[in-house]
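# Residue-level structural notes
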Amino acid sequence: MTGQIVILLGPPGAGKGTQARMLEERHGLVQLSTGDMLRGAVRAGTPAGLAAKAVMEAGGLVSDEIVLAILKERMTQPDVARGAILDGFPRTAGQAAALDRLLAGSGGQVSAAVSLDVDDEAMVDRVSGRYTCASCGEGWHDRFKQPTRAGTCDKCGGTEFTRRADDNETTVRDRLGAYHAQTAPLIAHYDALGLLARVDAMQEIDAVARDLERVVTETTARA
Ligand code: AMP
């Protein structure tokens, strides 16, 4: 693992997944979403998925042990050597320490951590209306990002969409609580290490992408 490692921090709805996918397309970095990995494990009915399901539906954090096992396995795959955008990981101090150990094992380290700064109340609206194309994974929203033709994905022409079980108002509030209690302290942690950048993620998607692009380009220049 020698490529760039960029961490996206931010509460549910801040746009981590959307921005990670855009960076993946533009920079060839691989999006590593522990949320996607866990949802995959739930669908596949693996022991990790079975253990994680109820916690995820309640908006809590899955144990570090389960998340780390699933991430470690993904990180052994060769594509990750190009560098990665971590979307939704680390979410606890224990996960941040484990990530450092994992990267150090292959001579790597965290390149940058970006806090996507948003207003909590707006996140409830953002998350509650969002859905995803079942074919290509593109994200859409009932109010903020509708496909040009209703019911058809602009990106791939797919007509089937999915909504996450935890994207409802009650669970989002619990997820925001978990973020502030356990994940937000990582902002100060990465700041103290000189690795933190902040982006105003209340802006339009493309403006956020431009700001992030700048951070990633500066990080590449430093490497
Ligand atoms: P996300 O797709 O990142 O919003 O994650 C969805 C849910 O998966 C979270 O609400 C948690 O229950 C669980 N999850 C995802 N990533 C982690 C992580 N790094 N640590 C603990 N739980 C996680």
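Bear in mind the structure is a predicted one, so any value in this text is a computation, not a measurement.

## Notes on the sheet that holds strand β5 (residues 130–133)
Strand order in the open sheet formed by three strands is β6-β5-β7, and the pairing between neighbours is antiparallel. Looking along the sheet, the strands with just one partner apiece sit at the ends: β6 (139–141) and β7 (161–162). Summarising the sheet, β5 and β7 pair through two bridges and their orientation is antiparallel. Paired with T132 across the strands is T162, a residue of β7.

## Quick word on unusual backbone geometry
Residue P90 follows F89 across a cis peptide bond; omega there is -5°. Residue placement: P90 occurs in the loop between β3 (83–87) and α5 (93–104).

## What about the site of the ligand?
Residues in close proximity to the ligand total 16 residues, the closest being T34, R39, G60, R91 and Q95. Note that an oxygen atom of the ligand is positioned 2.9 Å from one of the side-chain N or O atoms of R39. If the ligand stood free it would expose 480 Å²; the protein chains cover 96% of that surface. The biggest single contributor to the shell around the ligand is helix α2 (residues 34–44), with four residues. Split by residue class, the shell around the ligand holds six nonpolar, five polar and five charged.

## A closer look at the packing of aromatic side chains
Summed over all chains, the structure comprises one aromatic pair. On the numbers, 5.3 Å between centres and 85° between planes, the contact of Y131 with F161 is edge-to-face. Placement of the pair is Y131 in strand β5 and F161 in strand β7, with a sequence separation of 30 residues. For Y131, a relative accessible area of 13% puts it in the buried group. For F161, a relative accessible area of 26% puts it in the partly exposed group. Directly above the aromatic system of W140 lies the positively charged group of K145, at a separation of 4.9 Å from the ring centroid.

Cut-offs and rules
Residues numbered from 1 in each chain as written. Predicted model: local features only at pLDDT ≥ 70, side-chain atom pairs only at ≥ 80, totals over all residues. Heavy atoms only, no water. Pairing = 2+ DSSP bridges. Helix = DSSP H or I, 4+ residues; strand = E, 2+ residues; numbered from the N terminus. Near = heavy atom within 4 Å. Polar contact = N/O pair within 3.5 Å; in protein donor to acceptor, adjacent residues only side chain to side chain. Areas by Shrake-Rupley, 256 points an atom, 1.4 Å probe, with all protein chains shown as cover. Nonpolar A, V, L, I, M, F, W, Y, C, P; charged D, E, K, R; others polar. Phe/Tyr/Trp six-rings, centres within 6.5 Å; stacked < 30°, edge-to-face > 60°. Buried < 20%, exposed > 50% of the residue type's maximum accessible area, 1.4 Å probe, protein only. Lys NZ or Arg CZ within 6 Å of the ring centre and 35° of its normal.

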